[in-house]
Amino acid sequence: MARSVTTQRKAVNTVIAWGIGLLIFFPILWTILTSFKTEAVAIADPPVFFFFDWTLENYSVVMERSDYGKFLWNSIAIAGGSTLLGLIIAVPAAWSMAFVPSRRTKDILMWMLSTKMLPAVGVLYPIYLLFIKLGLLDTKLGLIVVLMLINLPIIVWMLYTYFKEIPGEILEAARMDGAGLKEEILYVLTPMALPGIASTLLLNLILAWNEAFWTLNLTAAKAAPLTAFIASYSSPEGLFFAKLSAASTMAIAPILILGWFSQKQLVRGLTFGAVK
């Protein structure tokens with residue numbers, strides 16, 4: 001039997017949850033608030049929270065100095081392209097590991113996971129030379145391939161976990177009805193694993209969007225995404241905190257909107273499924 005939860009316990013849990021949520025969100029909130037301050041107020045000691053003269057000057061300076069639209073499009077193309085390419089490769093790989101495992105499947109999965117333990121700087125030099133040789137330096141295609149390879153272990157592991165929860169008898173029934181491998185993956189497996197695929201897509205989109213090490217080292221101007229856009233406001237003369245915060249806010253705004261929209265769609269889908 002389920003334990004009854006008192007109203008007081010619910011209130012305490014709610015307060016704790018909101019406290020943890022606000023603590024996690026505080027750096028983003030502080031960045032957004034700083035973007036509306038002058039440089040003098042931004043470095044004031046003690047810090048000024050809400051009671052200051054709000055200004056849009058920082059956003060105006062950022063828009064005049066940088067081509068925000070170009071950086072935004074590069075981020076969308078790189079993050080979206082690497083995530084979709086990763087899914088195209090990972091879905092068949094995870095399917096084979098989940099439903100046609102071999103004696104080495106667990107070893108392969110652990111090996112893939114172990115590649116995430118390698119420091120990125122350890123392979124920067126050979127990849128940089130390889131990009132020069134192939135003409136992929138400062139190109140969106142090069143970054144798409146690199147970010148896909150970096151996040152591929154996570155994509156395979158997540159999809160493998162979701163696929164393992166699907167009963168194999170369903171796929172056997174589809175084979176008995178005459179479904180081939182292509183139909184089995186597209187029309188049986190994919191619809192059943194759609195929530196898992198969607199969550200995997202969103203997570204890896206965020207990881208690719210926030211990637212800074214590779215984007216700063218493998219781009220210069222043409223394919224530079226929003227991470228390079230933010231880094232451009234760190235100069236030898238010092239950090240301009242207000243303008244840097246404005247650039248950061250403009251960079252995180254699309255992903256925050258995407259996360260909010262995805263969360264609403266997920267809640268709506270779960271509610272519809274429960275009612276149905």
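Residues numbered from 1 in each chain as written. Predicted model: local features only at pLDDT ≥ 70, side-chain atom pairs only at ≥ 80, totals over all residues. Heavy atoms only, no water.

**Student:** How do you make sense of the side chain of Ser66 when you look at a structure like this?
**Tutor:** Relative to the elements of secondary structure, Ser66 occurs in the loop between α3 (57-65) and α4 (68-99). Setting aside residues no more than four positions away along its own chain, Ser66 makes contact with Phe71, Phe229 and Tyr233. (Helix = DSSP H or I, 4+ residues; strand = E, 2+ residues; numbered from the N terminus. Contact = heavy atoms within 4.5 Å.)

**Student:** How should I be thinking about the pattern of salt bridges in this particular structure?
**Tutor:** Note that side chains of opposite charge can pair when their charged atoms are close. Summed over the entire model, instances satisfying the criterion amount to two salt bridges. A salt bridge links Lys243 to Glu39; its shortest N-O distance comes to 3.5 Å. Remark: Glu39 occurs in helix α2 (residues 39-42) and Lys243 occurs in helix α13 (residues 241-275); sequence separation between them is 204 residues. Here Asp107 and Arg104 are joined by a salt bridge, their closest N and O atoms 3.4 Å apart. By relative accessible area, Asp107 is classed as partly exposed at 42%. (Salt bridge = Lys/Arg side-chain N within 4 Å of Asp/Glu carboxyl O. Buried < 20%, exposed > 50% of the residue type's maximum accessible area, 1.4 Å probe, protein only.)

**Student:** Looking at this structure, how should I read a nonpolar patch on the surface?
**Tutor:** Taken together, the side chains of Phe26, Phe49, Phe50, Phe51 and Trp54 define a hydrophobic patch exposed on the protein surface, amounting to about 630 Å² of accessible area. Within the element layout of this structure, Phe50 appears in the loop between α2 and α3. (Patch = residues over 30% accessible without salt bridge, like charges linked within 9 Å, V, L, I, M, F, W, Y side chains within 5 Å. Areas by Shrake-Rupley, 256 points an atom, 1.4 Å probe, with all protein chains shown as cover.)

**Student:** Would you explain unusual backbone geometry in this entry?
**Tutor:** For residues that are not glycine, phi is negative in most cases, and the peptide bond is trans in most cases. With an omega dihedral of 5 degrees, the bond running from Asp45 to Pro46 counts as a cis peptide bond. Along the chain, Pro46 falls in the loop between α2 and α3. At Asp138, a residue that is not glycine, the phi angle is positive and equals roughly 60 degrees. Looking at Asp138, the relative accessible area reads 14%, which means it is buried.

**Student:** What should I look at first to understand the packing of α4 against helix α7 (residues 140-164) in this one?
**Tutor:** Helix packing for two helices is described by the angle between their axes and how far apart those axes are. Where α4 contacts α7, the axes come no closer than 6 Å and their chain directions differ by 40 degrees. Classified by the interaxial angle, the pair formed by α4 and α7 is oblique. For the pair α4 and α7, the sense of crossing is right-handed. Classifying every residue of the contact of α4 with α7 by side-chain character gives 23 nonpolar, four polar and two charged. (Axes fitted to C-alpha atoms, helices over the stretch in contact; angles between N-to-C directions. Parallel < 35°, antiparallel > 145°, perpendicular 65-115°, else oblique. Left-handed = near helix turned anticlockwise from the far one by under 90°. Nonpolar A, V, L, I, M, F, W, Y, C, P; charged D, E, K, R; others polar.)

**Student:** How should the side chain of Asn58 be read in this particular structure?
**Tutor:** With respect to the helices and strands, Asn58 occurs in helix α3. Among the residues examined, Asn58 registers a relative accessible area of 3% and is labelled buried. Looking at Asn58, its side chain comes within polar contact range of the main-chain oxygen of Ser35, at 2.9 Å. Once residues lying within four places of it in the same chain are set aside, the contact partners of Asn58 are Thr34, Ser35, Phe36, Lys37, Glu39, Ala242, Lys243 and Ala246. (Polar contact = N/O pair within 3.5 Å; in protein donor to acceptor, adjacent residues only side chain to side chain.)

**Student:** Got a minute to help me understand the confidence of the model for the protein in this structure?
**Tutor:** Detailed reading of the predicted model is not advised wherever pLDDT is low. Taken as a whole, the protein shows an average pLDDT of 83; of its residues, 90% reach a score of 70 or greater. Of the regions scoring below 50 in pLDDT, residues 267-276 engages in zero contacts with residues more than four places distant in sequence or in other chains. (pLDDT = per-residue confidence, 0-100.)

**Student:** Even after reading the chapter, I still don't get helix α9 (residues 181-192), so can you show me in this structure?
**Tutor:** The α-helix advances 3.6 residues per turn, and as a result positions three or four apart in sequence lie on the same side. Here α9 is twelve residues long and its end C-alpha atoms lie 16 Å apart, about the 16 Å a rise of 1.5 Å per residue gives. Buried within α9 we find Glu184, Ile185, Val188 and Leu189. Along the axis of α9, the buried residues cluster in a sector spanning 130 degrees; they form a single face. The exposed residues of α9 that point more than 90 degrees off its buried face are Lys182 and Tyr187. (Expected span 1.5 Å × (residues − 1). Arc of directions from axis to C-beta.)

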